[in-house]
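Commentary on secondary and tertiary structure
As a plain string of letters, each chain reads:
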Amino acid sequence: MKVEDVRAARGNSPALTWVLLLLPLVLLGLILAYIVATGAGLGELKGPPVEQLAVERITLPRPGMIEAVVVNDGPQETTVAQVAVDDAFWSFTASPSPTIPRLGQATFQIPYPWVREELHAVKFITSIGMTFEGQIPAAVQSPQPSSTLFMRFGLLGLYVGIVPILLGMLWYPLLRRSGRTVMNFVLCLTVGLLFYLAVSTWLDALEFAADLPVFWQGIPLVAFTALLTLGVLLATGRRKGGAPRTPLQIAYLIALGIGLHNLGEGLAIGAAFGLGEAALGTFLVLGFTLHNITEGVGIVSPLTRQRPPLWHFALLALLAGGPAILGVWVGGFVFNPVAATIFLGIGLGAIVQVIWEVGKLVVNDAARHQSPALTWTNLGGVALGVAVMYFTAFMVKF
């Protein structure tokens, strides 16, 4: 055996591989242990402890009781020593403990005679005197889970999601009677609708992300979730031999992207009712119902050159509008801003991927007929799609 072969065999031994892999990690662990034990060698210069709490949610489960969920997003455990409501110190109980570990949370129950429809401020005071505040804008008892309320919230999601999408789908027979130019115009209209939804979903996700504890890094969480979703959809959508997706598959992708967006709409409506802002919730129901009727047109736009069975239309409407029902339930009963942010990030990535697929339909059709894809008609369709969504959103933006 040659000397080089002997050296190669020794260099590829499993033991040496593990040593080379673990050595940097072991040394890193020793350095970190030294930093924790000695305070990075700064001694008295390291200063007072740093505390940071985030009031994630305040509810009013019954008259005379305030319940708040507090998250510790600081670098070390923090103890809540006192609670003040409207600048008056008040008794409280904390579960599991008033001492909250880093990245942990505690639920505080405060027996306080809150006044209906009035503003109340709740302050949490730590053992070293730091204060963190949450507010109840208009005190109204939070809805408690029941079969009746469950059905009512489900009907809200039905009105917002499935009903307007089905109404928009009723234009499908008219679209089938149109020519090629009109078909491409409608596809470009769909691109405009989806482009607006992508921007709207991004802004909604940022709004939810802003309320997250700092350690969640809300904005990067949204961006990376969207990019990962987009990458997964593009990778799973590859066909052998480069075969394009069928129109029905694209319609389902459009419905999926719109459904994830409608999940966010449902969360907003449910959270509004859950916080006692019923007037705002009703306003949002009316606005989203008008806003979403155009989504039905976008879903059926790829299907104008074929006639799938009726049950596909029912599934498409359920896929696009059903998440609104789920969103109202979650927002009204167990709203979680972390889950909302992640789902909106997924929705953003899905919508961007659908824009790509619908755009390819227009480009491929133009290539088959040896005509330009970017025409004034197609550009007008994109602009009209954005304009329709923009102006109907006047009913839901405040």
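Look up: the structure comes first, before these words.
None of the values given here were measured: they were computed from a predicted structure.

Before going further, it helps to spend a moment on the side chain of Q353. Along the chain, Q353 falls in helix α10 (residues 337–368). Sequence-distant contacts of Q353, defined by excluding residues within four places in its chain, comprise L230, L233, L234, R245 and L253.

Strand order in the open sheet formed by four strands is β1-β2-β7-β5, with antiparallel pairing between adjacent strands. Both edges of this open sheet fall to β1 (53–62) and β5 (93–95), since each of them pairs with a single strand only. Strand-to-strand twist of the sheet, defined as the mean angle between neighbouring strand axes without regard to direction, takes the value 25 degrees. Pairing of β1 with strand β2 (residues 65–72) involves seven bridges; the strand directions are antiparallel. Each residue of the ladder has a partner; that of A54, found in β2, is V71.

It is worth spelling out the pairing of strand β8 (residues 120–126) at this point. Among the seven residues that make up β8, six are buried, leaving the element largely enclosed by the rest of the structure. Looking at chain direction, strand β3 (residues 78–85) and β8 are connected through five bridges and run antiparallel. If you follow V80 over to β8, its bridge partner there is T126. Strand direction decides the pairing type here: β8 and strand β9 (residues 131–136), joined by six bridges, are antiparallel. Residue pairing across strands places K123 opposite E133, the latter belonging to β9. Connecting the antiparallel pair β8 and β9 is a turn made up of four residues, with G129 showing a positive phi of about 95 degrees.

About the criteria used
Residues numbered from 1 in each chain as written. Predicted model: local features only at pLDDT ≥ 70, side-chain atom pairs only at ≥ 80, totals over all residues. Heavy atoms only, no water. Helix = DSSP H or I, 4+ residues; strand = E, 2+ residues; numbered from the N terminus. Contact = heavy atoms within 4.5 Å. Pairing = 2+ DSSP bridges. Axes fitted to C-alpha atoms, helices over the stretch in contact; angles between N-to-C directions. Buried < 20%, exposed > 50% of the residue type's maximum accessible area, 1.4 Å probe, protein only.

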